[in-house]
Amino acid sequence: MILIDCPYCGPRNSTEFRHAGEAGKKRDVTTNDPAVWRRYLYQQDNPLGWVRENWFHTAGCRQFLCAERNTQTNEFRWVAPAGSPGPEVSSRVSSQPGEVIERTKSINFTWNGRPLTAYEGDTIVSALMASGVQVISRSFKYHRPRGVLSASYVDPNCSVTVSDEPNVRGAHRRLREGDDVRAQNAWPSLKLDVRAINQLVGRFLGPGFYYKTFIKPQFLWPSYQKVLSRFAPGGSPPAPGGGHGNFDKRYTHPDVLVAGAGPAGIAAAIEAARTGVKVMLVEEEYEIGGHLRYGGPEALAALAALREEVNSYNNIEVLTDSVVTGRYDDNWVAVVQRSGVWSHERLIKARVGTLVFGIARGAARHSSSDSYG
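Residues numbered from 1 in each chain as written. Predicted model: local features only at pLDDT ≥ 70, side-chain atom pairs only at ≥ 80, totals over all residues. Heavy atoms only, no water.

The subject of this paragraph is the overall build of the chain. Counting its secondary structure elements, the chain contains five helices and 22 strands. Looking at the 373 residues of the chain, the share that counts as buried comes to 34%. (Helix = DSSP H or I, 4+ residues; strand = E, 2+ residues; numbered from the N terminus. Buried < 20%, exposed > 50% of the residue type's maximum accessible area, 1.4 Å probe, protein only.)

And the structure:
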């Protein structure tokens, strides 16, 4: 049985639908030649593979639908109301050496309600860019369109809402099946943001104006707050009583903590491990290796050798998708571990002997004293 996911009625048996021809097929209106008309009606190409088609739900909502179907396997990639553009045309680059996506495994997700597909290993932003999406958010103050700047965890333009979780770093978070991704800081939509009207009065909204206005009369502060809160950037908090995930903490006492697992950080961790001390290697990305992950065959070979050597030491603990957030008195170091099977997020409080920053220009070390250098 083949199911078609009708956007109005939900999944239904394909026998309830009538095929209505290939979508986007246009007749040549410049000629009245019967042969051209005959080819248009009866002699269409019927190509193999993924084809956009029109369907009519005869035994249900009686609505026309637009879908993309594989004519060889009868698999439906997406189904949308008639006239919907559907997923954007793919802008994905060809397969690259060392890429982390798995092109044989597809993931379905939605972007502002529109169904899209990605590959396992895609971040939210990489999937959107591959689908031709260029505008990810709006600027905080003037609500100007914003696209990808750095495609890294710290990209300021890629904060999105995933399901009921606001302010997700879209250039870092990897997609999961069924994720509902939406733009934030835009109303009523990302394409048409009414708050962009701020640009018209930009000359009156100088830097810091919000610290010098709405101060008096003081009794109106609650009213000011209700209005201004609607213009505050960022996503909306989850509904009361909604699930917030499981959060926990952990204490540990490594002799050496290396922040950053690029080539310099990995080398520092290996040198420390050779002396027999306990080492914790912390990396912000999902894999260690830094810029070597994006290099040519020589860089990838060097990375494979480094990873193999790291794995050979039982006294090196590798934490990926984690970040060192601060160093405090007595060399207490805070590490946020963002993903794991045990919790949504974990705070690690590490009392370290030596803190090493794995930076390209050399390892900067902080000993157990409070001095810098």
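Here we take up the pairing of strand 15 (residues 256-259). The side-chain alternation of strand 15 yields two buried faces, one formed by Val256 and Val258 and the other by Leu257 and Ala259. Pairing of strand 15 with strand 16 (residues 279-282), which is carried by four bridges, proceeds in the parallel orientation. Bridging from a neighbouring strand, valine 258 pairs with leucine 281 of strand 16. Following the chain from strand 15 across helix 4 (residues 263-274) to the adjacent parallel strand 16, one finds a crossover that is right-handed. (Pairing = 2+ DSSP bridges. Right-handed = clockwise from strand over helix to strand, strands pointing away.)

One finds Phe109, Trp111, Ile124, Leu128, Val160, Leu175 and Val181 to be the most contacted residues of the largest nonpolar core, which totals 17 residues. Considering each element in turn, this core owes the most residues, three residues, to helix 2 (residues 124-130). Setting aside residues up to four positions removed in sequence, tryptophan 111 forms contacts with Leu116, Leu128, Val133, Val135, Ile136, Val160, Val181, Arg182, Ala183 and Leu190. Membership of the second largest hydrophobic core comes to 16 residues, among which are Ile270, Ala272, Ala273 and Tyr313. (Core = buried A, V, L, I, M, F, W, Y, C linked by side-chain atoms within 4.5 Å. Contact = heavy atoms within 4.5 Å.)

Within the structure shown, the criterion is met by three aromatic pairs. Ring centres of tryptophan 55 and phenylalanine 76 lie 5.6 Å apart, and the angle between their planes is 65°; this geometry places the pair in the edge-to-face category. Linking tryptophan 55 in strand 4 (residues 50-57) with phenylalanine 76 in strand 6 (residues 76-81), this pair joins segments that are 21 residues apart in sequence. By relative accessible area, which is 11% here, tryptophan 55 ends up buried. Just above the ring of tryptophan 50 sits the side chain of arginine 77; from NZ or CZ to the centre is 4.0 Å. (Phe/Tyr/Trp six-rings, centres within 6.5 Å; stacked < 30°, edge-to-face > 60°. Lys NZ or Arg CZ within 6 Å of the ring centre and 35° of its normal.)

Here we take up the sheet that holds strand 4. Adjacent strands of a sheet pair through backbone hydrogen bonds, lying either parallel or antiparallel. Taken in spatial order, the four strands of this open sheet run 3-4-5-6, and their pairing is antiparallel. Only two strands of the sheet have a single partner each, and these edge strands are strand 3 (17-22) and strand 6. With strand direction ignored, the average angle separating the axes of adjacent strands in the sheet is 30°. Where strand 3 meets strand 4, four bridges bridge the pair, whose relative direction is antiparallel. Note on strand 4: the bridge partner recorded for glutamate 22 is glutamate 53. (Axes fitted to C-alpha atoms, helices over the stretch in contact; angles between N-to-C directions.)

All right, on to the pattern of salt bridges then. By the definition in use, this model includes 13 salt bridges. Salt-bridge contacts for arginine 12 lead to glutamate 16; the nearest nitrogen and oxygen are separated by 3.3 Å. Aspartate 321 is paired through a salt bridge with arginine 338; the nearest N and O atoms lie 3.0 Å apart. Here aspartate 321, found in the loop between strand 17 (316-319) and strand 18 (322-328), pairs with arginine 338, found in the loop between strand 19 (332-337) and strand 20 (345-351); they are 17 residues apart in sequence, far enough to count as distant. Each member of the pair aspartate 321 and arginine 338 is classed as buried. (Salt bridge = Lys/Arg side-chain N within 4 Å of Asp/Glu carboxyl O.)

Okay, unusual backbone geometry next. The linkage connecting tryptophan 187 with the following residue, proline 188, adopts the cis geometry, with an omega of 5°. One can find proline 188 in the loop between strand 13 (180-183) and helix 3 (221-228). For serine 163, which is not glycine, the phi dihedral falls at a positive 60°. Tracing the sequence through the fold places serine 163 in the loop between strand 11 (159-162) and strand 12 (165-169).

A word on the pairing of strand 17. Direction of pairing for strand 16 relative to strand 17: parallel, over a ladder of four bridges. Directly across from valine 279, in strand 17, lies its bridge partner isoleucine 316. Following the backbone out of strand 16, through helix 5 (residues 297-311) and into the adjacent parallel strand 17, one traces a crossover that is right-handed.

So, about the sheet that holds strand 12. Across the sheet, five strands lie side by side as 8-7-13-11-12; this open sheet has mixed pairing. Edge positions in the sheet fall to strand 8 (114-120) and strand 12, since each of these pairs with one other strand and no more. Strand-to-strand twist in this sheet, taken as the mean axis angle between neighbours without regard to direction, amounts to 40°. One ladder, built from seven bridges, connects strand 7 (residues 102-111) with strand 8; its direction is antiparallel. Its bridge partner lying in strand 8, threonine 110 is registered against proline 115.

Helix length check: helix 5, at 15 residues, gives a terminal C-alpha distance of 21 Å against a target of 21 Å (1.5 Å per residue), a fit within 8%. Those residues of helix 5 not exposed but buried are Ala299, Leu303 and Val310. Viewed along the axis of helix 5, the buried residues span an arc of 35°, placing them on a single side of the element. Every exposed residue of helix 5 that faces more than 90 degrees away from the buried side is listed here: Pro297, Glu298 and Glu308. Buried-residue contacts for helix 5 involve helix 4 and strand 17. (Expected span 1.5 Å × (residues − 1). Arc of directions from axis to C-beta.)

Note on arginine 338: relative accessible area 14%, which makes it buried. Within polar-contact distance, the side chain of arginine 338 engages the side chain of tyrosine 153 at 3.5 Å. A polar side-chain atom of arginine 338 sits 3.5 Å from a polar atom in the side chain of histidine 172. Apart from residues lying up to four places away in sequence, arginine 338 is in contact with Tyr153, His172, Glu284, Asp321, Ser322, Val323, His344 and Glu345. (Polar contact = N/O pair within 3.5 Å; in protein donor to acceptor, adjacent residues only side chain to side chain.)

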